[in-house]
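Spelled out from the first residue to the last, the chains are:
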Amino acid sequence: MDVSPLVWGVSIGLALAVLFVDVAVVGRRPHVPSTAECLRYLGVYIGLAIVFAGVVALTWGTAPAGEFVAGWLTEYSLSVDNLFVFLLIMTRFAVPRQYQQTALLVGIILALVFRGIFIALGATVIAHFSWVFYLFGVFLIWTAVKVAREGVGDDAEEDDYTPPALVRLVQRVLPTTDRFDGVHLTARIDGRRVVTPMLLVLVAIGATDLLFAFDSIPAVFGVTREPYLVLMANVFALMGLRQLYFLLGGLLTRLRYLNIGLGVLLGFIGVKLVLQALAENALPFINGGEPVPWAPEPPTWVSLAVIVVILGVTALTSVAASRRDERRVTADR
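Overview of the structure. Note that the structure is predicted; figures quoted are calculated from it, not measured.

1. Some points on the overall build of the protein chain
Turning to step 1, where the next piece is worked out: For the protein chain, the count of helices and strands is eleven helices and two strands.
Turning to step 2, where the next piece is worked out: Starting at the N terminus, the α and β elements of the protein chain follow one another as α-α-α-α-α-α-β-β-α-α-α-α-α.
Turning to step 3, where the next piece is worked out: Over its C-alpha trace the protein chain gives a radius of gyration of 21 Å, about what one expects of a compact globule, namely 20 Å for 333 residues.
Turning to step 4, where the next piece is worked out: For the protein chain, buried positions account for 46% of its 333 residues.
Turning to step 5, where the next piece is worked out: For the protein chain, the proportion of contacts with a sequence separation of at least 24, taken over those separated by at least 6, is 80%.
Turning to step 6, where the next piece is worked out: If you average the places of the 24 positive and of the 25 negative side-chain charges in the protein chain, the two averages end up 7 Å apart.

Shown next as structure tokens:
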């Protein structure tokens, strides 16, 4: 897949233009978006992703288009886990609902910056050291076990969230206040300049984005090796994240099997990466430095089908379990 610098430039420029419009809208009028507004924006972003997949199919073929869709769905599913942590952050710092849009928007911008850096580094490493897929695969399998062992998710509580060390460092070094001053990061109280909780929220979200990038970037590289598709999958997944947060709201805490589903998803991609590394092996201590012939590499359509099934089963079983619990509560009354 040959992507010219012009295509890179136009794609990044369009993404920045959409982001600029989003910033202008939210910056002009911080508010709690309605369900209709969230659905409208989500529909636009999902539609843009589908159109982009069609453009990729017409320009480079159906295989790259399938890789983009698989990467987009993978990143979207992992982003839902981000939303759950964002919910805990908002609860922990008692962020007023009308200011949460701004905090989420800044978090999305930070996520795009961090992931752009990680994608560039990952592409460079992969181009020079193909054996890095062994490391990516093992890391994802280890992460999958760790995520799945967290088990069934319960309701989000303030006590479930511990601020990152960076947030605690800011609180120790800088004078802070528990009072919000709109979306301002600092405020003057009694003649003294202090840090508002909004700055702590942004630091917490930024630290969280950085940690999640370690999982999501190797996972998407496990679906496609093309840096352009990896970047665009991240861009389209993050575009509707803010609206998805407000649309799902309390439903996030009802996705009780999210950890298990994400664990299975990451495990599948991790195994796929290891098989891919074996099929292209060049390490001298594995099979004499020759590719391993019995290591099959699942085609894109198989990966896409597995991802869709995993996400579908996770959502359906979570909804079914929630409804079952609701019926039990009603019956006990």
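2. What about the packing of helix α3 (residues 62-92) against helix α7 (residues 197-221)?
Packed helix pairs are characterised by how far apart their axes lie and by the angle those axes make with each other.
Turning to step 1, where the next piece is worked out: α7 packs onto α3 with a crossing angle of 155 degrees between their chain directions and a minimal axis gap of 10 Å. Viewed along their axes, α3 and α7 adopt a mutual orientation that is roughly antiparallel. Every pair of crossing elements has a handedness; the one defined by α3 and α7 is right-handed. Only Val201, Ala204, Ile205, Thr208, Asp209, Phe212, Ser216, Ala219 and Val220 of α7 make contact with α3, whose side of the interface consists of Gly71, Thr74, Glu75, Leu78, Asp81, Asn82, Val85, Phe86, Ile89 and Met90.
Turning to step 2, where the next piece is worked out: Split by residue class, the contact of α3 with α7 holds eleven nonpolar, five polar and three charged.

3. What to know about the pairing of strand β1 (residues 186-189)
Turning to step 1, where the next piece is worked out: Note that β1 and strand β2 (residues 192-195) share four bridges and pair antiparallel. By the bridge assignment for β2, arginine 188 is matched with arginine 193.
Turning to step 2, where the next piece is worked out: Taking the residues that link successive antiparallel strands as the turn, the β1-β2 hairpin has two residues, and the phi of aspartate 190 there is positive, at about 55 degrees.

4. Quick notes on the packing of aromatic side chains
Turning to step 1, where the next piece is worked out: What the rule picks out here adds up to twelve aromatic pairs.
Turning to step 2, where the next piece is worked out: For the pair tyrosine 41 and tyrosine 45, a centre-to-centre distance of 6.3 Å together with 40 degrees between the ring planes defines the contact as tilted. Of the two residues, tyrosine 41 and tyrosine 45 are both situated in helix α2 (residues 35-60); the distance of four residues between them amounts to about one turn of the helix.
Turning to step 3, where the next piece is worked out: When its relative accessible area of 23% is taken as the criterion, tyrosine 41 is described as partly exposed.
Turning to step 4, where the next piece is worked out: For the ring pair phenylalanine 52 and phenylalanine 236, a centre distance of 5.3 Å and an interplane angle of 40 degrees mean the geometry is tilted. A residue pair is termed long-range when its members are at least 10 positions apart, and phenylalanine 52 in helix α2 and phenylalanine 236 in helix α8 (residues 227-239) qualify at 184 residues.
Turning to step 5, where the next piece is worked out: When its relative accessible area of 8% is taken as the criterion, phenylalanine 236 is described as buried.
Turning to step 6, where the next piece is worked out: By way of ring pairs, the aromatic residues Trp8, Phe52, Trp60, Phe68, Trp72, Tyr76, Tyr228 and Phe236 are connected into one cluster.
Turning to step 7, where the next piece is worked out: Directly above the aromatic system of phenylalanine 93 lies the positively charged group of arginine 92, at a separation of 5.3 Å from the ring centroid.

5. Points about unusual backbone geometry
Turning to step 1, where the next piece is worked out: With phi around 50 degrees, alanine 94 is a residue other than glycine that occupies positive phi space.
Turning to step 2, where the next piece is worked out: Turning to its location among the elements, alanine 94 is positioned in the loop between α3 and α4 (97-128).
Turning to step 3, where the next piece is worked out: Relative accessible area serves as the criterion here: at 56%, alanine 94 is assigned to the exposed category.

6. Overview of the pattern of salt bridges
Turning to step 1, where the next piece is worked out: Applying the stated criterion across every chain, the model contains one salt bridge.
Turning to step 2, where the next piece is worked out: The salt bridge partner of arginine 115 is glutamate 75, with a shortest N-O separation of 2.2 Å. With arginine 115 in helix α4 and glutamate 75 in helix α3, the pair connects residues that are 40 residues apart, well separated along the chain. Summarising the burial analysis for this pair, arginine 115 and glutamate 75 share the class buried.

7. Points about a nonpolar patch on the surface
Turning to step 1, where the next piece is worked out: On the surface, a cluster of nonpolar side chains totalling about 370 Å² of accessible area is made up of Val125, Phe129, Trp131 and Leu135.
Turning to step 2, where the next piece is worked out: Along the chain, the position of tryptophan 131 falls in the loop between α4 and α5 (132-149).
Turning to step 3, where the next piece is worked out: Judged by relative accessible area, which is 37%, tryptophan 131 ranks as partly exposed.

8. Remarks on the packing of α2 against α8
Turning to step 1, where the next piece is worked out: Where α2 meets α8, the axes come as close as 9 Å, and the angle between the chain directions of the two elements is 160 degrees. What the angle tells us is that α2 and α8 run roughly antiparallel. In this structure, α2 crosses over α8, and the sense of that crossing is left-handed. In contact with Tyr45, Leu48, Ala49, Phe52, Val56 and Trp60 of α2, α8 contributes Tyr228, Leu229, Met232, Phe236 and Met239.
Turning to step 2, where the next piece is worked out: Class assignment of the residues belonging to the contact of α2 with α8 gives a composition of eleven nonpolar, no polar and no charged.

Rules used throughout
Residues numbered from 1 in each chain as written. Predicted model: local features only at pLDDT ≥ 70, side-chain atom pairs only at ≥ 80, totals over all residues. Heavy atoms only, no water. Helix = DSSP H or I, 4+ residues; strand = E, 2+ residues; numbered from the N terminus. Rg over C-alpha atoms; globule rule 2.2 N^0.38 Å. Buried < 20%, exposed > 50% of the residue type's maximum accessible area, 1.4 Å probe, protein only. Contact = heavy atoms within 4.5 Å. Lys, Arg positive; Asp, Glu negative; His and termini not counted. Charge placed at Lys NZ, Arg CZ, Asp CG, Glu CD. Axes fitted to C-alpha atoms, helices over the stretch in contact; angles between N-to-C directions. Parallel < 35°, antiparallel > 145°, perpendicular 65-115°, else oblique. Left-handed = near helix turned anticlockwise from the far one by under 90°. Nonpolar A, V, L, I, M, F, W, Y, C, P; charged D, E, K, R; others polar. Pairing = 2+ DSSP bridges. Phe/Tyr/Trp six-rings, centres within 6.5 Å; stacked < 30°, edge-to-face > 60°. Lys NZ or Arg CZ within 6 Å of the ring centre and 35° of its normal. Salt bridge = Lys/Arg side-chain N within 4 Å of Asp/Glu carboxyl O. Patch = residues over 30% accessible without salt bridge, like charges linked within 9 Å, V, L, I, M, F, W, Y side chains within 5 Å. Areas by Shrake-Rupley, 256 points an atom, 1.4 Å probe, with all protein chains shown as cover.

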